[in-house]
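# Architecture at a glance
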Amino acid sequence: MTNATMPLRARREEGGTPKMTGRFQIKSETGILKDVLLGPAESFRWMGLENAQWSSLVRDTMRKGYKFDKQVAMRQHREMVDAYNQAGVTTHFLPLDMTNPYQVYARDSSFMSPYGAVVCQLANPRRRGEYAAVLRFYLENNIPIYDMISAGNFEGGDFNIIRDGLALVGYTDHRSEEVAARQAADWFAKEGWEIKYAPIDQFYVHIDLMVCMLNEHCAAVCLETTEDDVIAWLKSKKIEIIPATFKETMALGCNVVTLGGDRVLSTESAKDLNAKMRAAGFTVYDPDMTMFLQAGGGVHCMCQPLTREAA
């Protein structure tokens, strides 16, 4: 299929959408990660007041008086890329665009599904232009656009694929709105997926702040912030829980990336969770990502998986 004929909505209205084939395809959320889409670090700057009303994490950073250091941020980003490379993951990058400094958080503006990419709608007006670069990337690489969010604000970190056919969908009515969360969830329900909704306070930003899959049968979960019904639902799916503390969760320590094969990309600061994951048999890559965490984005929201094998 050429770029000229690539539809901007591959989704079939009543379900039955074909799954992706070819190089780029997501067969699970926990299989071996082969390709990942990252944003350019060169354009990154800390937005501060421009993003404060959209992130409790940014407001906390401002209260504590942390200062942004561009050189440190660039070094830390290189360390993250090196960790992917060490794990055998091919990294792809969105083009440099100095007008979109938070494009580095590539998970916010889109998310991949087995049927193609879903292009999201960001809440912060200063970030809404991020859709353009991801849309061009998908079209240039013949990745089908499953659909585009149109009902309201919705960001990729609130569509949490637990396993194929099973998703946890969060919303705060802030960064992600219920009307848009239900729009996305309804699409997948028509494909035969089971959806569990997770309404959360906007203080917690996204559901992947507190629930992240580690492999097909295990998840890192902050028990202090995750609602009881969500925890019960995860357990009903035979998912073992490794608990993350509230303190580490609010420092984005629970926002990890599974690399497949019981390997996890975490952060150096999540010492308690990292120790628990290692004790459970996981190999943990833990670069220092302090500058990006303080700006309000964890390692999971800094990447968009493009190719995963089946778990």
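Residues numbered from 1 in each chain as written. Predicted model: local features only at pLDDT ≥ 70, side-chain atom pairs only at ≥ 80, totals over all residues. Heavy atoms only, no water.

### Focus on the nonpolar core
Short version of the rule: We define a nonpolar core as any set of buried Ala, Val, Leu, Ile, Met, Phe, Trp, Tyr and Cys residues linked to one another through side-chain atoms lying within 4.5 Å. Type-normalised accessible area, obtained with a 1.4 Å probe on protein chains alone, sets the label of each residue: buried when under 20%, exposed when over 50%, and partly exposed for intermediate values. The helix and strand labels rest on DSSP assignments: H or I over at least four residues marks a helix, E over at least two residues marks a strand, and numbering proceeds from the N terminus.
Tyr84, Tyr105 and Leu259 are the most contacted members of the largest nonpolar core, which totals 52 residues. The set of elements that each furnish at least two residues to this core consists of β1 (33-38), α3 (70-86), β7 (166-171), β9 (211-215), β10 (218-221), α7 (228-236) and α10 (290-294). Residues Phe111, Tyr115, Ala167 and Ala181 belong to the second largest nonpolar core, which totals 20 residues.

### Details of helix α9 (residues 271-279)
Since the α-helix turns once every 3.6 residues, residues separated by three or four places project in the same direction. Going by this rule: The directions from the helix axis to the C-beta atoms are what the arc is built from. Note on contacts: a residue pair is in contact if any heavy atoms of the two residues lie within 4.5 Å.
Those residues of α9 lying buried are Leu273, Asn274 and Met277. Along α9, the residues classed as buried sweep out an arc of 100 degrees about the axis, all on the same side. Turned more than 90 degrees off the buried face of α9, the exposed positions are Lys271 and Ala279. Where α9 is buried, its residues meet β9, β10, β11 (240-243), α8 (246-250), β13 (263-265) and β14 (283-285). Just beyond α9, the residue with positive phi is Gly281, at close to 100 degrees.

### Concerning the confidence of the model for the protein
Cut-off, in case you're wondering: Known as pLDDT, the predictor's confidence for each residue is given on a scale from 0 to 100.
In this model, the protein carries a mean pLDDT of 93, and residues with pLDDT of at least 70 account for 98%. Low pLDDT, under 50, characterises residues 1-5; the predicted model gives this stretch 7 contacts beyond four residues in sequence or across chains.

### Quick word on the environment of Ala181
Here Ala181 is to be found in helix α6 (residues 178-190). Through-space distance from the C-alpha of Ala181 to that of Tyr146 is 15 Å; in sequence the pair is 35 residues apart. Excluding residues that lie within four positions of it along the chain, Ala181 makes contacts with Phe154, Val169, Gly170, Tyr171 and Tyr197.

### Structural notes on unusual backbone geometry
The backbone of Asn142 sits at a positive phi, close to 55 degrees, despite the residue not being glycine. The topology assignment puts Asn142 in the loop between α5 (130-140) and β5 (145-148). You will see that Lys238, though not glycine, has its phi angle at about 65 degrees, which is positive. With respect to the helices, strands and loops of the structure, Lys238 is situated in the loop between α7 and β11. A residue is classified by how much of its surface remains accessible, and Lys238, at 68% relative accessible area, is exposed.

### A short note on the pairing of strand β6 (residues 159-163)
Heads up, the rule is: A pair of strands is labelled paired if DSSP reports no fewer than 2 bridges between them.
β6 sits mainly inside the fold: 4 of its 5 residues count as buried. As judged from the 4 bridges shared by β6 and β7, these two strands associate in the antiparallel manner. Following the sheet pairing, Arg163 is matched in β7 by Leu166. The turn joining β6 and β7, which pair antiparallel and follow one another in sequence, is formed by 2 residues; a positive phi near 90 degrees is taken by Gly165.

### Describing the sheet that holds β9
Rules: Structural elements are reduced to axes, namely lines fitted to C-alpha atoms, with helices fitted over the stretch in contact, and the angle between N-to-C directions of any two is expressed from 0 to 180 degrees.
Here we have 3 strands laid out as an open sheet, ordered β9-β10-β11, and mixed in their pairing. At either end of the open sheet lies a strand with only one pairing partner, and these are β9 and β11. Each strand axis lies, on average, 30 degrees off the axis of its neighbour in the sheet, ignoring direction. Note that β9 and β10 share 4 bridges and pair antiparallel.

### Notes on the pattern of salt bridges
Spelled out, the test is: Salt bridges are counted wherever a side-chain nitrogen of Lys or Arg sits within 4 Å of a carboxyl oxygen of Asp or Glu.
Taken as a whole and judged by the stated rule, the model has 16 salt bridges. A salt bridge links Asp229 to Lys196, with the nearest nitrogen and oxygen atoms 2.7 Å apart. Highlighted residues: Asp229 in helix α7 and Lys196 in strand β8 (residues 194-199), separated in sequence by 33 residues. Sharing partners across several salt bridges, the network here consists of Asp108, Arg127, Glu130, Glu155 and Arg175.

### Side note on the packing of aromatic side chains
How we decide: Pairing of aromatic rings covers Phe, Tyr and the six-membered ring of Trp, with a centre-to-centre limit of 6.5 Å; geometry is then stacked below 30 degrees between planes, edge-to-face above 60, and tilted otherwise. Consider the ring centre and the ring normal. A charge sits over the ring if Lys NZ or Arg CZ is within 6 Å of that centre and within 35 degrees of that normal.
For the structure on display, the rule yields 18 aromatic pairs. When the centroid spacing of 6.3 Å and the interplanar angle of 80 degrees are considered together, the rings of Tyr146 and Trp187 count as edge-to-face. Of the two residues, Tyr146 is situated in strand β5 and Trp187 in helix α6; the sequence distance between them amounts to 41 residues. Accessibility classification places Tyr146 together with Trp187 in one group, the buried group. Here the aromatic rings of Phe203 and Tyr204 are separated by 5.2 Å at their centres, their planes lie at 80 degrees, and the arrangement is edge-to-face. Taking the relative accessible area as the measure of exposure, Phe203 reaches 35% and is therefore partly exposed. Every member of this aromatic cluster is reached through a ring pair, and the members are Phe111, Tyr115, Tyr146, Phe154, Phe159, Trp187, Phe188 and Trp193. Sitting over the ring of Tyr197, Arg182 keeps its end group 4.1 Å from the ring centre.

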